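Report on the structure
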Amino acid sequence: MSSALTDLFPLPIVQAPMAGGVSVPQLAAAVSEAGGLGFLAAGYKTADGMYQEIKQLRGLTGRPFGMNLFMPQPDHAESGAVEVYAQQLAGEAAWYETELGDPDSGRDDGYDAKLAVLLDDPVAAVSFHFGVPSREALDALRRAGTLTLVTATTPEEALAVERAGADAVIAQGVEAGGHQGTHRDVPENDGSGIGLLSLVTRIRESVNIPVVAAGGIMRGSQIAAVLAAGASAAQLGTAFLATPESGAAEPHKRALTDPLFTRTALTRAFSGRPARGLVNRFMREHGPYAPAAYPEVHHLTSPLRKAAARAGDAQGMALWAGQGHRMTRELPAGRLVEVLAEELAAASTALSAKAKAKAEGEGEGDGGRAGAAGTGR
C-alpha cells in the first residue's frame, strides 16, 4: 500500500463512514485516537453542516481522519413509479402521524459545495460513494494534500477508479451493511454482488492501486484474512454501530443482536437504491414494490424513518447492518480498535507459524527424498 496512506494510521483499521447521523465526530475521534482511521459522513448534510462536524472533530483529536461524499446521481427515476410508491406508503404516514417527504428535495447532495469546502480546508482523506469523481476533482484534492479513495463493487468499477486517478479503491463486498456503492444503479443486477474475499482477490489482480476491504468484517481474524488476500487495510462499519460513541438510534443498536431480527437482506424499500439491513416489517411489506429511484425514495421515506425512531419502533426504521451483525460487541470504540488489533496480531502470528511449519515440513520431505535417491545410486 502507498506509504502516504498507511502513514495516516498505524493500524490497518478504517471506520466506515455511515451517513444518517451514525458517524459522528465522537466516533471518528475515538477510532483515530486508537490508531485507526476515523471517518465522517457528509451524506444528507449541508456543506455547512459538514464543515461544523469537521471543526468539532478537530477539537477532539489531532490525528488524521477522513470525510465521505456521495456522488451526484443521474436523473433516471420514473415519476409515475415514485407516485405509486408514495400512495402505497400513505398508510405508514397515517400510522406514524407524519407527512411523506418531498421526493424532489435534491439529487446532488450538495456535492459541489462540499467539495469546495474540502478543497479550501483539507482533511487527510476523502472517500466517494455511488460513482467516480472527475480526474479534475481528484487532482485538486491531491494538490490540497488529501488522499482519495473510491468505492467499487466489481473489478470493472475498480479499473474505472484507477483510471480516474484515485489513490486507493475500497472493495465493497455484498456482505456490507448500508448502501452498495455501485457506480450505476441497474435493477437487473440486484442480488448479483460479489463476496468480499473473491472481490478483493479479483480487484487486487486488476489494479495497481491499494485496496481497502469492506463488507461484513467484525473480527481481527477477518482483517487478517483480507490482508492475506491482498488488501492493505479493512473498513468496518457495523462493528462500530453499537459503540457508545456511535450516533445510531438505540433501537437500531439493540436490534443488531435482538433474536427477533434473524437475517439481513438487500432492499430498495427505504431509499430506492440497494442497501443491506436487518429484515423488519417495513422491508418485508414495501421492499418488493420499491422503485429504482434514488434519492427520491430516500427523501420520500425520511419522515417515516425519523418518526419510527422517535417512537422506538425498530420495525419501521432502516436498520442498516452487514451480514456479521450477530458478532457485534458493545465496547467503547477505542477499546474495540484495540481488541481488533490484538485479534489481528494473534491471527497473523498463527498464520506465520503455520506457514513456517509447512515450509519446514516440505524441506524435511525434500531432504529425505534426496537422501534416498543418493543411496539408490
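What comes next is a walk through the structure. Predicted model only: the values in this text are computed from it and were never measured.

**Brief notes about the packing of aromatic side chains**
By the definition in use, this model includes five aromatic pairs. Where phenylalanine 270 meets tryptophan 320, the ring centres are 5.6 Å apart and the plane angle is 85 degrees; that geometry is what we call edge-to-face. Residue phenylalanine 270 is located in the loop between β10 (264–267) and β11 (275–278), and its partner tryptophan 320 is located in the loop between α14 (296–311) and α15 (333–376); the two are separated by 50 residues in the primary sequence. The burial state of phenylalanine 270 is the same as that of tryptophan 320; both residues are buried. Of the aromatic side chains, those joined through ring pairs into one cluster are Tyr44, Phe70, Phe130 and Tyr294.

**Comments concerning the pairing of strand β2 (residues 38–41)**
Side chains Gly38 and Leu40 of β2 all project onto a buried face; the interleaved residues Phe39 and Ala41 project onto the opposite face, where all are buried too. Across four bridges, the pairing between β2 and strand β3 (residues 65–70) is parallel. By the bridge assignment for β3, leucine 40 is matched with methionine 67. A crossover links β2 with its parallel partner β3, the connecting element being helix α3 (residues 47–58), and its sense is right-handed.

**Considerations on the sheet that holds strand β1 (residues 13–15)**
Strand order in this open sheet of eight strands is β1-β9-β8-β6-β5-β4-β3-β2, and the pairing throughout is parallel. Each having just a single partner strand, β1 and β2 make up the two edges of the open sheet. Going from strand to strand, the sheet's axes swing by 25 degrees on average, the running direction of each strand aside. Across the sheet, α3 touches β2 and β3, and the angle it forms with β3 is around 165 degrees. With respect to the sheet, helix α9 (residues 196–204) is in contact with β5 (147–152), β6 (168–172) and β8 (211–214), its orientation differing from that of β6 by roughly 150 degrees.

**Regarding the side chain of glutamine 73**
Structurally, the position occupied by glutamine 73 is in the loop between β3 and α4 (79–88). At a separation of 3.4 Å, a polar atom in the side chain of glutamine 73 contacts the main-chain carbonyl oxygen of phenylalanine 130. Leave out the neighbours within four places in its chain, and glutamine 73 touches Arg107, Phe130, Arg273 and Tyr294.

Calculation rules
For every chain, the first residue of its written sequence is number 1, and the numbers climb from 1 along that sequence. pLDDT decides what is reported in this predicted model: residues at 70 or higher carry local features, side-chain atom pairs at 80 or more are listed and counted, and totals for whole chains, interfaces and linings draw on all residues regardless. Just so you know, side-chain values use all the structure's heavy atoms and leave hydrogens and water out. In summary, the pairing rule links any two rings of Phe, Tyr or Trp, Trp by its six-membered ring, whose centres are within 6.5 Å, and it sorts them by plane angle into stacked for under 30 degrees, edge-to-face for over 60 and tilted for everything else. Helix and strand definitions here come from DSSP, where helices need a minimum of 4 consecutive H or I residues and strands a minimum of 2 consecutive E residues; each element is numbered from the N-terminal end. Only protein chains enter the accessibility calculation, which uses a 1.4 Å probe. A residue is then buried if its area is under 20% of the maximum for its type, exposed if over 50%, and partly exposed in between. When DSSP finds two or more bridges between a pair of strands, those strands are recorded as paired. Orient the strands so they point away from the viewer; a crossover is then right-handed if the path from the first strand over the helix to the second runs clockwise. Orientation is described by axes fitted as lines to C-alpha atoms, over the contacting stretch for helices, and by angles from 0 to 180 degrees between their N-to-C directions. Whether two residues touch is decided by their heavy atoms; if any such pair falls within 4.5 Å, the residues are in contact. As used in this structure description, the phrase polar contact means that two N or O atoms lie within 3.5 Å; if the pair is within protein, one of them must be able to donate a hydrogen and the other to accept it, and residues adjacent in sequence are counted only when both atoms belong to side chains.

That is the geometry; function is a separate question.
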